[in-house]
Amino acid sequence: MAQIDSTYTHRDGETRGIGYRRWVIAQATLHACLEVRGMKKIVWTCWIFALMQGIFLFTFGQLLDPTSAVFEFITEFLGAFKGIATPFQLLANDNPRIAIGMTYNLFFYFFSGYILSTLTLTLLALGMAIPRLITSDLSSRAITIYSSKAVSRLDYCLGKFGGVLLLMTLTWLGPLVATWLMGNLLAPKLSFFWHTAPALLHSLMFVVPGMIFLGLLALGVSAVSKSPRMATVLWLGALLMGTVLSRIGVESEHTELQYLSFWFDLELLQNWVFDLTGDFKELDEKFPIITNLKLVQILNERLGETAKNVPVAVGFLSLLAAGAVTVLIKKVKPE
Amino acid sequence: MSTAGTTGTTPVIQATELSRWYGIVMGLNNISFEIGPGLTGLVGPNGAGKSTLIKIITGQLQPSDGELTVFGARPWNNPDVLRGIGFCPEEDALPDRLQARTWLRGLALLAGIVPGTVPGHVDAILDCVKLERVHWDKPLAQFSKGMRQRVKLAQALIHNPRLLVLDEPMNGLDPMGRQDIQRILKQLAAEGTAVLISSHILHELEALCPEILILNWGRVIASGSQLALQRRLQGTEANLHIKCSDPARLTRVLFKADLLLGFNDTGDDGGLDLRVKDPHRFSECFVDLLTENNLALHELRSRDRSLQDIFEKMTE
């Protein structure tokens with residue numbers, strides 16, 4: 001047959017590297033997710049949450065400063081408030097680690113992953129985004145074309161994973177970091193940055209692994225089926241079924257059922273990372289009057305029980321992540 | 001089956017004892033061949049192994065045994081090789097919710113083309129495949145089959161591939177569309193791009209591809225230029241249509257020279273369909289026989305010069 005001869009004049013031109021092309025996939029994935037109806041509203045809601053939390057932290061910071069306008073404004077209308085705030089202001093002066101650091105840690109525990117938090121909205125956003133991750137490429141068979149381009153399956157999956165992480169950055173990590181920044185930038189003293197850094201660190205230690213886990217799980221679920229509806233149903237089913245089984249586990253002798261809910265497992269991980277029981281212990285040594293409060297006792301008791309089961313929860317989360325990766329390996333191919 | 005050249009040239013695609021099986025089913029069975037620049041047709045009945053071969057060439061499948069190289073390297077999991085390959089699949093593989101231009105721009109970026117040059121590049125490709133501008137920003141879901149074929153071809157061309165692999169590229173195209181695609185492919189081949197076309201529309205491959213690779217039951221049963229394949233087949237017999245001044249006399253002369261296996265009178269116009277024995281000797285003697293017998297020749301054409309005939313005979 002004919003051979004390449006000396007007149008062969010193909011021009012390759014300048015091309016970008018594989019890192020850039022993965023970034024292109026990530027951007028396209030995020031763009032596709034944001035095009036889903038209602039997704040932008042969820043993102044906006046997450047940032048409104050961040051704003052509200054920021055206002056809350058700003059107010060908290062101002063109340064610790066007896067010279068602040070906010071404090072003066074409140075005490076002018078609510079004189080009794082001064083009686084509560086003043087000891088706290090003294091505490092902030094003498095023990096900022098407790099008054100500021102621990103309080104922020106508690107706040108960020110709730111901000112980063114409680115029922116009415118951006119985590120809930122993130123789980124909802126992922127459910128809505130799942131059909132646009134890999135399912136749509138499988139159903140349209142566009143995966144055939146993508147896999148023939150100069151990106152390997154790994155590059156494709158990394159790009160998609162990057163897209164999911166970007167989405168979760170918009171709904172979860174971003175609002176949380178913004179909340180911390182707002183709380184500190186508007187605080188009465190620069191030392192707030194120092195005292196509240198552990199709260200941010202704990203948030204990152206929980207949220208970043210959480211994002212990696214949820215990203216893998218979402219991609220795995222997205223690759224299971226070519227049907228967008230089926231993928232969504234699978235995600236919501238896993239979420240609801242896990243919650244129901246978890247409740248049964250809590251209420252019955254079969255406590256192992258609790259771990260079937262990845263939401264529950266994430267909560268255990270969060271408890272361990274934020275280590276509120278450690279905070280309460282330290283608090284108990286110095287100010288037993290606070291730890292004797294009924295609400296604090298309930299919280300402390302619950303957190304203490306769950307903290308010892310963290311390895312099981314992490315094990316189950318790892319198992320789920322491994323399952324998701326297996327699905328990706330098996331399913332992300334042309335046929 | 002290798003027809004490799006000699007003097008410092010490298011085939012674009014080279015398969016050596018290549019096999020691929022699915023469980024106990026053989027997709028490709030120990031095949032060897034080479035494909036160079038220009039247009040090559042890939043022909044074979046259903047289940048012949050065409051799709052398997054295409055998937056291996058485009059890096060979507062790994063060979064079970066043997067080796068296939070494209071530009072001298074294995075395409076499997078090799079972005080450097082895949083960067084030089086454009087693939088137009090047979091199936092309808094377009095994301096319906098996206099607009100043609102948006103999707104192609106994304107693919108251009110995915111191919112690593114410098115962002116600033118992407119819009120102009122994509123527009124040029126869409127012009128090249130003759131997709132009317134009015135459709136460029138419409139969702140692909142609204143496209144006809146022919147328009148989708150053009151977009152599929154455009155995506156294959158988006159990164160200026162050195163090897164273009166097309167699986168049934170003419171499906172769904174109207175005659176004008178087919179002409180357009182043929183013209184584009186010929187142009188690409190003339191510029192040095194290797195083009196491998198798998199198609200069931202054999203008469204189009206015949207017009208388009210000087211080189212042919214015929215697969216059957218997972219094996220290469222013939223490869224080379226159409227002309228060479230025809231000559232190979234003509235080693236035993238050939239079918240001709242002839243018009244001359246005295247058909248009856250011509251048949252007698254040919255029988256006497258032991259060159260004719262049979263004939264069929266096609267009507268009153270002096271036409272004859274002849275089955276000629278030993279075509280090589282026939283071509284040497286024919287003119288002399290006409291001259292010696294004072295026969296005037298009005299028309300002579302081969303009846304088995306079509307790719308269809310080659311294909312049928314090779315796959316018998």
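Residues numbered from 1 in each chain as written. Chains lettered and ligands numbered in written order. Predicted model: local features only at pLDDT ≥ 70, side-chain atom pairs only at ≥ 80, totals over all residues. Heavy atoms only, no water.

Draft legend 1. Here's a closer look at the overall build of chain A. The number of helices and strands found in chain A is 15 helices and zero strands. Reported as C-alpha extents along the three principal axes, the dimensions of chain A are approximately 95 × 55 × 30 Å. Of all 335 residues assigned to chain A, the portion counted as buried reaches 49%. For chain A, contacts bridging at least 24 residues in sequence account for 77% of all contacts bridging at least 6. A total accessible area of about 16500 Å² is found for chain A, and carbon and sulfur atoms account for 68% of it. Taking the average location of the 26 positive side-chain charges in chain A and that of its 23 negative ones, the two points are 12 Å from each other. (Helix = DSSP H or I, 4+ residues; strand = E, 2+ residues; numbered from the N terminus. Buried < 20%, exposed > 50% of the residue type's maximum accessible area, 1.4 Å probe, protein only. Contact = heavy atoms within 4.5 Å. Areas by Shrake-Rupley, 256 points an atom, 1.4 Å probe, with all protein chains shown as cover. Lys, Arg positive; Asp, Glu negative; His and termini not counted. Charge placed at Lys NZ, Arg CZ, Asp CG, Glu CD.)

Draft legend 2. Summary view of the interface of chain A and chain B. Each partner contributes to the interface: chain A provides 34 residues, whereas chain B provides 50 residues. When chain A packs against chain B, close to 3800 Å² is buried across both sides, 57% of that on carbon and sulfur atoms. At the junction of chain A and chain B, the tally comes to one salt bridge. Across the pair Arg97(B) and Glu35(A) runs a salt bridge whose closest N-O atoms are separated by 3.6 Å. Our count for the contact surface shared by chain A and chain B stands at three residue pairs in polar contact (both at pLDDT 80 or more). (Buried area = accessible area lost by both parts, 1.4 Å probe. Salt bridge = Lys/Arg side-chain N within 4 Å of Asp/Glu carboxyl O. Polar contact = N/O pair within 3.5 Å; in protein donor to acceptor, adjacent residues only side chain to side chain.)

Draft legend 3. Quick look at the sheet that holds strand 2 (residues 25-35) of chain B. All names here are of chain B. Pairing is antiparallel across the open sheet formed by three strands, whose spatial order is 2-1-4. Every other strand in the sheet has two partners, leaving strand 2 and strand 4 (65-70) as the edge strands with one partner each. Within this sheet the neighbouring strands show an average axis-to-axis angle of 25°, counted without direction. Direction of pairing for strand 1 (residues 13-22) relative to strand 4: antiparallel, over a ladder of five bridges. From the neighbouring strand, serine 19 faces strand 4, where its bridge partner is aspartate 65. (Pairing = 2+ DSSP bridges. Axes fitted to C-alpha atoms, helices over the stretch in contact; angles between N-to-C directions.)

Draft legend 4. Molecular detail of the sheet that holds strand 12 (residues 271-277) of chain B. Residue and element names in this part refer to chain B. Read from one edge to the other, the open sheet built from four strands follows the order 11-12-10-13, with strand pairing classed as antiparallel. Of all the strands in the sheet, the pair left with one neighbour each is strand 11 (260-265) and strand 13 (297-302). The average angle at which neighbouring strand axes cross in this sheet is 25°, direction not considered. As judged from the five bridges shared by strand 10 (residues 237-244) and strand 13, these two strands associate in the antiparallel manner.

Draft legend 5. Representation of a nonpolar patch on the surface in the model. Residue and element names in this part refer to chain A. Residues Trp44, Trp47, Ile48 and Met52 make up a contiguous nonpolar surface patch of roughly 470 Å² in combined accessible area. Among the structural elements, tryptophan 47 can be located in helix 2 (residues 39-63). Here tryptophan 47 falls in the partly exposed class, since its relative accessible area comes to 32%. (Patch = residues over 30% accessible without salt bridge, like charges linked within 9 Å, V, L, I, M, F, W, Y side chains within 5 Å.)

Draft legend 6. How the structure looks around the pattern of salt bridges. The final tally for this structure, using the stated rule, is 15 salt bridges over all chains. For Asp92(B), the salt bridge is made with Arg148(B), and the minimal N-O distance between the two is 2.9 Å. Taken together, the residues span a long stretch of sequence, with Asp92(B) in the loop between strand 5 (85-88) and helix 3 (100-110) and Arg148(B) in helix 5 (residues 145-157) at a distance of 56 residues. The exposure class assigned to Asp92(B) is partly exposed, which follows from its relative accessible area of 35%. A relative accessible area of 8% places Arg148(B) in the buried class. Residue Arg133(B) pairs with Asp127(B) through a salt bridge whose shortest N-O separation is 2.9 Å. For Arg133(B), a relative accessible area of 53% corresponds to the exposed category. The network of salt bridges with shared partners includes Glu35(A), Arg132(A) and Arg97(B).

Draft legend 7. Structural context of the confidence of the model for chain B. Residue and element names in this part refer to chain B. With 90% of its residues at a pLDDT of 70 or more, chain B has an overall mean of 84. Note on residues 1-8: pLDDT is under 50 here. Beyond four places in sequence and across chains, it has 16 contacts. Across the assembled chains, the prediction reports ipTM 0.74 with pTM 0.78. (pLDDT = per-residue confidence, 0-100.)

Draft legend 8. Geometry of the nonpolar core. Counting residues in hydrophobic clusters, the biggest one holds 131 residues, and the most contacted among them are Phe108(A), Leu214(A), Trp235(A), Phe262(A), Trp103(B) and Leu185(B). In terms of residue count, helix 9 (residues 191-224) of chain A provides more of this core than any other element does, 14 residues in total. Residues contacting Leu185(B), with those up to four places away along its chain left out, are Leu39(B), Leu164(B), Leu166(B), Val195(B), Ile197(B) and Leu208(B). One finds Val12(B), Leu68(B), Val70(B) and Leu213(B) within the second-largest nonpolar core, a separate group that totals 29 residues. (Core = buried A, V, L, I, M, F, W, Y, C linked by side-chain atoms within 4.5 Å.)

Draft legend 9. Examining the pairing of strand 2 of chain B more closely. Residue and element names in this part refer to chain B. Pairing geometry for strand 1 and strand 2, over seven bridges, is antiparallel. Each residue of the ladder has a partner; that of isoleucine 13, found in strand 2, is isoleucine 35. Hairpin geometry of strand 1 and strand 2 is characterised by an intervening segment of two residues between the two adjacent antiparallel strands and by a positive phi of about 65° at glycine 23.

Draft legend 10. Seen up close, the packing of aromatic side chains. Residues and elements named next belong to chain A. What the rule picks out here adds up to 17 aromatic pairs over all chains. With 5.5 Å between their ring centres and 85° between their planes, phenylalanine 60 and phenylalanine 107 make a pair best called edge-to-face. Linking phenylalanine 60 in helix 2 with phenylalanine 107 in helix 5 (residues 96-113), this pair joins segments that are 47 residues apart in sequence. By relative accessible area, phenylalanine 60 is classed as buried at 11%. For phenylalanine 107, a relative accessible area of 15% corresponds to the buried category. Taking the centre distance of 6.4 Å and the plane angle of 25° together, the rings of tyrosine 146 and tyrosine 156 count as stacked. Of the two residues, tyrosine 146 sits in helix 7 (residues 142-148) while tyrosine 156 sits in helix 8 (residues 153-185), which places them 10 residues apart along the sequence. Taking relative accessible area as the criterion, tyrosine 146 reaches 12% and is therefore assigned buried. Each member of the aromatic cluster is reached from another via a ring pair, and the members are Phe56, Phe60, Tyr104, Phe107, Phe108, Phe111 and Phe192. (Phe/Tyr/Trp six-rings, centres within 6.5 Å; stacked < 30°, edge-to-face > 60°.)

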